[in-house]
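Now for the letters of each chain:
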Number of protein chains: 2
Amino acid sequence: MQSSDCENCAIRSVALFGEIDEATVERLHHQAQQFDAPAGTELYTEGTPPDAAFTLREGVIKLVRGDGNGRPQIVRLLVRGEFFGAEGLFEELRHHSAIALTPVVLCRLPNDLLQQLQTEEPGFTTALLGRWRRALNEVEDLAVELGTRKAEGRIASFLLHWETKNGHAIEWLPLPLSRTELGELLGLRVETVSRVMARWKREKLFEERGGHIRLLERDRLRAVLETDDAA
Amino acid sequence: MQSSDCENCAIRSVALFGEIDEATVERLHHQAQQFDAPAGTELYTEGTPPDAAFTLREGVIKLVRGDGNGRPQIVRLLVRGEFFGAEGLFEELRHHSAIALTPVVLCRLPNDLLQQLQTEEPGFTTALLGRWRRALNEVEDLAVELGTRKAEGRIASFLLHWETKNGHAIEWLPLPLSRTELGELLGLRVETVSRVMARWKREKLFEERGGHIRLLERDRLRAVLETDDAA
DNA sequence: CGAGGTTTTGAGCGAATTCAATTCCGGTGG
DNA sequence: CCACCGGAATTGAATTCGCTCAAAACCTCG
């Protein structure tokens, strides 16, 4: 744990379009702790009281619900730069668990720091507002996929969106989700995900090597989306 | 259109836990217009630029996505007291359409009024934050239903939640959604929804009369939820 | 090289959709 | 007041899609 350099991550990245004065940053960022965690780490658990929020500096994290009773459902994937876990400001219990899919490096912002930011920095609240608005859109997107598409459409849609999310610049983009996890995100069983992806690899729609994939025939993937959803 | 009485609705209900001083309310609420609209009215349309937010004083509204190309998906149902449509503060285009399922009465808050509230009333932003946090939870709930349950489970879950949302006090709760719309919410086809509900009516799990339903065997509905999702 | 987990593949089954037809219901006009 | 119309709900039969169960092929790591 070290608090140095956090001015470039936690507070800064949160207050994207809010202007926080230097002194405040200086005073607050000592309370933010930066740290690493290996893949598989559970940052927090559904049903427990929230004690901090995080900024994800590097890696991928899944937010998953219903780990307990039924079948788990991944509700969101977080990539570098995202701020998450701030529901402590409004809720007693976490509504999902956060689990690292890769080694991660993040900054931890304890609840009281959040509270300070919220009351003392109007820019913070506004930034938070924008984030949640975007999060809401993402989850709505997911709901639409789950509600209106069948297996192939969901998978094609995911691949295309995942590429976008990771920037088209990278050719081989990391895919740190197992087939099972893809299923938990897309509401499908492992076998279904595997069957479709295996076939698409045979048909050269994309390649896969060591946890990374490369899309080859984006048009055919997009074509799947056309055919898939009913008229 | 009348602006009277809006201090009791729009601004007040938004600033639930923010304290707005009387003078400000007085000054602002003249810009909020109250009005009625019949069932079927489209308050705003997906893809158009947002020009106002609304407070729903009476009635039920559906937020629906993808009206255009594929199959439509209802992403949220709004009931009396809810504040919605404020994405204009952050986004260029509406991400879903808002359509009245019943006759509605609502207050309209034009964009510039929202802007004023946001900059001049810290309580407003905080309240908005809480709303969106709750909205996010609701949509996540929906995603979980869609991703992990099969037909019967989704319908049972909906009935139970709908009752809760309308308050257990009312015995005959209004169900202003057609079977088709229920399908668009739950990711099912009309026939599937109809089959399940018709059977449950035969088996006296609930009754239906003139657009209203009454749950009779909540336990058996809950039992469906247990059996439904895989272990 | 071997162990354990993940991915892939196959066969059979069950669930939900599609297509098609019938019944129900509210509202309208005679 | 009653017959009729049109949209919504219901029901049936056939089909497709995704799931389950089970086994084989693959890695990856020790």
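Note that the structure is predicted; figures quoted are calculated from it, not measured.

Draft legend 1. Structural detail: the relation of the copies chain A and chain B. Rotating chain A by 180° about the axis while translating it 0.0 Å along that axis superimposes it on chain B, leaving an RMSD of 0.0 Å. Such a combination of rotation and displacement between the chain copies is what one expects of a two-fold axis. Most of the interface of chain A is mirrored in chain B, where 100% of its interface residues are also at the interface.

Draft legend 2. Examining the sheet that holds strand β6 (residues 83-84) of chain A more closely. All names here are of chain A. The strand order across the open sheet formed by four strands is β1-β8-β3-β6, and the pairing between neighbours is antiparallel. Both outer strands of the open sheet, β1 (33-37) and β6, are each paired with one neighbouring strand and no more. Two elements, β1 and strand β8 (residues 104-110), share five bridges in a ladder whose sense is antiparallel. By the bridge assignment for β8, Q34 is matched with C107.

Draft legend 3. Quick peek at the protein's contact with DNA strand D. By nearness alone, 16 residues border DNA strand D, and A151(A), R189(A), T192(A), R179(B) and R202(B) come closest of all. In DNA strand D, the atoms that sit within 4 Å of the protein are 66% sugar and phosphate, with bases accounting for the remainder. In this structure, R195(A) approaches DNA strand D through a side-chain N or O atom, which is 3.0 Å from a base oxygen. In this structure, S194(B) approaches DNA strand D through a side-chain N or O atom, which is 2.9 Å from a phosphate oxygen. Here the surface near DNA strand D takes six residues from helix α7 (residues 190-202) of chain B, the largest share from any one element.

Draft legend 4. Local environment of the protein's contact with DNA strand C. What surrounds DNA strand C is a group of 17 residues, the closest being R179(A), R202(A), K150(B), R189(B) and T192(B). By atom count, sugar and phosphate contribute 64% of the portion of DNA strand C lying within 4 Å of the protein. Measuring from a phosphate oxygen of DNA strand C, one finds a side-chain N or O atom of R179(A) at 2.7 Å. Contributions of two or more residues to the surface near DNA strand C are made by α6 (179-186) and α7 (190-202) of chain A together with α7 of chain B. Here the element with the most residues in the surface near DNA strand C is α7(A); it accounts for six residues. For the surface near DNA strand C, the per-class residue count stands at three nonpolar, five polar and nine charged.

Draft legend 5. Region of interest: the side chain of Q118(B). Along the chain, the position of Q118(B) falls in helix α3 (residues 111-120). Those residues in contact with Q118(B) that sit more than four places away from it in its chain are T126(A), L129(A), L89(B), F90(B), F124(B) and T125(B).

Draft legend 6. Up close: the side chain of S97(B). Residue and element names in this part refer to chain B. Looking at the element boundaries, S97 is found in strand β7 (residues 97-100). In terms of polar contacts, S97 uses its side chain to reach the backbone amide nitrogen of E46, at 2.9 Å. Look past the residues within four positions of S97 in its chain and what remains in contact with it is E42, Y44, T45, E46, K62, L63 and V64.

Draft legend 7. Examining the nonpolar core more closely. Ranked by internal contacts, the top residues of the largest apolar core, which has 102 residues, are F158(A), L159(A), W200(A), F158(B), L159(B) and W200(B). When near neighbours in sequence (up to four residues on either side) are disregarded, L159(B) contacts W200(B), F206(B), I213(B), L215(B) and L221(B).

Draft legend 8. Representation of the interface of chain A and chain B within the structure. With 36 residues of chain A at the interface, the matching set in chain B holds 36 residues. Carbon and sulfur atoms supply 64% of the area buried between chain A and chain B, which totals about 3500 Å² over both sides. It is R71(A), L129(A) and R133(A) in chain A that bury the most area against chain B; as a group they hold 20% of the surface buried on that side. At the surface where chain A touches chain B, the tally comes to eight salt bridges. Listing elements by their share of the side of chain A that touches chain B, those giving two or more residues are β5 (73-78) and α4 (122-148) of chain A. Looking at which element gives the most residues to the side of chain A that touches chain B, the answer is α4(A), with 19 residues. In the side of chain A that touches chain B, the residues fall into 15 nonpolar, twelve polar and nine charged.

Draft legend 9. Quick peek at the environment of D141(A). Tracing the chain through its elements places D141(A) in helix α4. With 46 residues separating them in the primary sequence, D141(A) and G187(A) have C-alpha atoms 14 Å apart. A polar contact is formed between the side chain of D141(A) and the side chain of R65(B), at a distance of 2.2 Å.

Draft legend 10. Main features of the domain arrangement of chain A. Residue and element names in this part refer to chain A. The assigned domain composition of chain A is domain 1 (6-129) and domain 2 (149-228). Contacts between domain 1 and domain 2 engage eleven residues on the former and ten residues on the latter. Interface area, domain 1 with domain 2, both sides summed: about 1000 Å², of which 62% is carbon and sulfur. Put simply, domain 1 and domain 2 have one salt bridge between them. One salt bridge connects K62 with E181, and the closest N-O pair in it is separated by 2.9 Å. Between domain 1 and domain 2 we count five residue pairs in polar contact (both at pLDDT 80 or more) in total. Top element by residues in the side of domain 1 that touches domain 2 is β5. It accounts for three residues. Taken together, the residues of the side of domain 1 that touches domain 2 break down into six nonpolar, two polar and three charged.

Draft legend 11. Here's a closer look at the packing of aromatic side chains. Residue and element names in this part refer to chain B. Taken as a whole and assessed by the stated rule, the structure comprises 14 aromatic pairs over all chains. Between the aromatic rings of F35 and F54, the centroid separation amounts to 6.5 Å while the plane-to-plane angle is 65°, which identifies the pairing as edge-to-face. Pair noted here: F35 is in strand β1 (residues 33-37) and F54 is in strand β3 (residues 52-58), with a separation of 19 residues, a long-range link. Looking at F35, the relative accessible area reads 17%, which means it is buried. For F54, a relative accessible area of 4% gives the class buried. An angle of 20° between the planes, with centres 5.5 Å apart, marks the rings of F54 and F84 as stacked. One end of the pair, F54, is in strand β3; the other, F84, is in strand β6 (residues 83-84), with 30 residues separating them in the sequence. Summarising the burial analysis for this pair, F54 and F84 share the class buried.

What counts and how
- Residues numbered from 1 in each chain as written.
- Chains lettered and ligands numbered in written order.
- Predicted model: local features only at pLDDT ≥ 70, side-chain atom pairs only at ≥ 80, totals over all residues.
- Heavy atoms only, no water.
- Least-squares fit on C-alpha atoms with pLDDT ≥ 70 in both.
- Contact = heavy atoms within 4.5 Å.
- Pairing = 2+ DSSP bridges.
- Helix = DSSP H or I, 4+ residues; strand = E, 2+ residues; numbered from the N terminus.
- Near = heavy atom within 4 Å.
- Polar contact = N/O pair within 3.5 Å; in protein donor to acceptor, adjacent residues only side chain to side chain.
- Nonpolar A, V, L, I, M, F, W, Y, C, P; charged D, E, K, R; others polar.
- Core = buried A, V, L, I, M, F, W, Y, C linked by side-chain atoms within 4.5 Å.
- Buried < 20%, exposed > 50% of the residue type's maximum accessible area, 1.4 Å probe, protein only.
- Buried area = accessible area lost by both parts, 1.4 Å probe.
- Salt bridge = Lys/Arg side-chain N within 4 Å of Asp/Glu carboxyl O.
- Domains from an automatic or database assignment.
- Phe/Tyr/Trp six-rings, centres within 6.5 Å; stacked < 30°, edge-to-face > 60°.

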